[in-house]
Amino acid sequence: MKFSVKAWSKGRARVGVVEFVDGSCPYPTEIEMETPALLLSTRKGLPFFIPPDLLSSLPFPHSHLLQCSPLHFLEGLSPKIMSNIGGLHQMLGLHKYAFAAVPRDSVVCLPECDGTNKTGASFETPCGRLLIKPLEYMKMINSMKPNLWVTLADEVPVWVSGKRNKTAVDRTIKWLDDCIKLSLTDGAIFGAIVGGSSVEERQRCTEEVTKRNVSGYWIGGFGLGESMDERPPLLNAVTDNLPEQKPRLICDLGFPEEVLQGIASGIDLFDSTYIYHLTIGGFALTFSKDRIVRDVSDSHSSDIGSDGTKINLKATAYRKDMSPIVDGCSCYTCQNHTKAYINHLLNVHEMLAQILLEIHNTHHYLGFFCAIRTAIKEGKFEEYRQQFIENRREHIFAASLST
């Protein structure tokens, strides 16, 4: 993996280029994409609802970086069998995609700090609560052969004590060394950085991790109880002490405002569990990506379930609406189907509803990231961010008045 920073906006926001070149398999993976970028969340290597034959309908190349958790495979193939197959690329037949392996997926594999001890990290999984030790974790990583992978971490919520924070950092650093020592794969290593709500512990963890030979950094422990106001100092304590020419990945900053907040602190890669939760709820993204609409009356604020960024397609208001989700959208869903059809599918509990919604929401959110990169290149990121947030507040206020 190669990474370089190409442009800066005012402050910490930046545009970079990440390149994956993997010649170790019969079908070499060569992908180059700009950051900030979105990793598509998956279940066992495939998106939650989009079938493999429709993956190609998503924008190239920014839909070709997939995130998966090794813990998903605990209830399936053994590491030995997966290794014999040739890893994830061979098993899934997705040779033109890059895979990022992260222990936590923020949907079904969540960290459980109460069960974590000095031997391994505890997770709530579909198989129950499991203790994952570095040796077991690296067996899974070595068999999957991902393009990049994150070391094991002891993530803690914001309410734990200072002593527990310090212990989490010590364990994460020790597991980092163990994972590096046990690695048999050529994938890029992302060192995990934790520290909970303590700025000092996050700085200490950052200093230790940067001493190791890693290709990038995964900033963990967010989305576990901290507020939006508490987050910037914690993020900046980490990013201000990281090398500029290595990428930064974070999980569970999914809302548009959270993504903008992360980018303002210098984050390059984000996961996409936000899309999953929208799709499950029957919501479709509708906000303007290239420019922020200032006239609230021209927006979707009057739609049921709308907050200026999304609409609720389960609502009866769309039962006879023969228009696409977003006029002019080039995604497969908007080009071929209407709001009325998706409303029908949702109300009769057809799984096709989730397929079409995930396609649209993924396409739309990838476009959001593209607009952010353009704003950074033009040196207008902070203006774009503030305008987006102000517009969202206006929509929410207008919606509250109409109820």
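Anything mentioned here points back to the structure above.
Residues numbered from 1 in each chain as written. Predicted model: local features only at pLDDT ≥ 70, side-chain atom pairs only at ≥ 80, totals over all residues. Heavy atoms only, no water.

### Let's talk about the nonpolar core
What counts here: The term nonpolar core refers to a set of buried residues drawn from Ala, Val, Leu, Ile, Met, Phe, Trp, Tyr and Cys, joined through side-chain atoms within 4.5 Å. Here's how the labels work: a residue is buried when its accessible area is under 20% of the maximum for its type, exposed when over 50%, partly exposed in between, all with a 1.4 Å probe on protein chains only. Note on contacts: a residue pair is in contact if any heavy atoms of the two residues lie within 4.5 Å.
With 96 residues, the main nonpolar core has W218, L249, Y365, F368 and I372 as its most contacted residues. Not counting residues up to four positions away in its chain, the partners in contact with W218 are V102, V150, A153, E155, F190, G191, A192, I193, L249, I250 and C251. Grouped together as the second largest cluster of nonpolar side chains are 16 residues, A315, I325, L345 and L356 included.

### Remarks on the packing of helix α3 (residues 134-144) against helix α4 (residues 162-182)
Filter applied, for reference: Lines fitted to C-alpha atoms define the axes here, with helix axes fitted over just the stretch in contact, and angles between the N-to-C directions of these axes take values from 0 to 180 degrees. Secondary structure elements are taken from DSSP: a helix is a run of H or I of four residues or more, a strand is a run of E of two residues or more, and numbering for both begins at the N terminus. Roughly parallel refers to an angle under 35 degrees, roughly antiparallel to one over 145, roughly perpendicular to one between 65 and 115, and oblique to any angle outside these ranges. Definitions for this section: a left-handed crossing has its near helix turned counterclockwise from the far helix by less than a right angle. A right-handed crossing has that turn clockwise.
In the contact formed by α3 and α4, the axes pass within 10 Å of each other and the chain directions differ by 40°. If you check the angle between α3 and α4, you find them oblique. You can see that α3 and α4 cross each other, and the crossing is right-handed. Touching P134, L135, Y137, M138 and N142 of α3 are W175, D178, C179 and L182, all from α4.

### Focus on the sheet that holds strand β10 (residues 121-125)
Let me state the cut-off plainly: Think of it this way: DSSP has to see at least two bridges between two strands before they count as a pair.
Across the sheet, which stays open at both edges, the three strands sit in the order β9-β10-β11 with antiparallel pairing between neighbours. The open sheet is flanked by β9 (110-111) and β11 (128-132), the only strands paired with a single partner. In terms of strand pairing, β10 meets β11 through five bridges, oriented antiparallel. Note that in β11 the partner of A121 across the bridge is I132.

### Here we look at helix α6 (residues 231-239)
Burial within α6 is extensive, with seven of its nine residues counted as buried. Taken together, the buried positions of α6 are R231, L234, L235, N236, A237, V238 and T239. On the buried face of α6, the contacting elements are β13 (188-193), α5 (199-209), β14 (216-219), β15 (248-250) and α7 (256-264).

### A short note on the pairing of β10
Burial runs high along β10: four of the five residues are buried. Pairing of β9 with β10, which is carried by two bridges, proceeds in the antiparallel orientation. Paired with P111 across the bridge in β10 is F123. Between the end of β10 and the start of β11, which pair antiparallel, lie two residues.

### Let's talk about the sheet that holds strand β7 (residues 65-68)
The sheet built from ten strands is open, its strands ordered β4-β16-β15-β14-β13-β12-β8-β7-β5-β6 with mixed pairing. The strands lining the two open edges of the sheet, one partner per strand, are β4 (37-38) and β6 (46-47). Examined bridge by bridge, strand β5 (residues 40-43) and β7 share two bridges and lie parallel to one another. Residue L40 lies in a different strand from β7, and its bridge partner there is L66.

### Notes on unusual backbone geometry
Residue P36 follows T35 across a cis peptide bond; omega there is 5°. Locating P36 in the fold gives a position in the loop between β3 (29-35) and β4. In the segment running from F60 into P61, the intervening peptide bond is cis, with an omega of 0°. The residue P61 is located in the loop between β6 and β7 in this model. Of note, the phi angle at D252 is positive, near 70°, even though the residue is not glycine. Take D252: it is sitting in the loop between β15 and α7.

### Quick word on α7
Of all the nine residues making up α7, nine are buried; the element is thus mostly covered by neighbouring parts of the structure. Listed as buried for α7 are P256, E257, E258, V259, L260, Q261, G262, I263 and A264. Where α7 terminates, the next one or two residues include G266, which has phi positive at roughly 100°.

### Some words on the packing of aromatic side chains
As a reminder, the rule being used: Working definition: a ring pair exists when centres of Phe, Tyr or Trp rings (six-membered ring for Trp) sit within 6.5 Å. Plane angles under 30 degrees give stacked, over 60 give edge-to-face, the rest tilted.
Overall, the coordinates contain eleven aromatic pairs when judged by the stated rule. A ring pair is formed by Y274 and Y365, whose centres lie 5.4 Å apart and whose planes are at 50°; its orientation type is tilted. With Y274 in helix α8 (residues 273-281) and Y365 in helix α11 (residues 352-377), this residue pair connects regions lying 91 residues apart in the sequence. Residues Y274 and Y365 agree in their burial class; the two are buried. Measuring from ring centre to ring centre gives 5.4 Å for Y365 and F368, while their planes differ by 25°; the resulting arrangement is stacked. Of the two residues, Y365 and F368 are both situated in helix α11; the distance of three residues between them amounts to about one turn of the helix.

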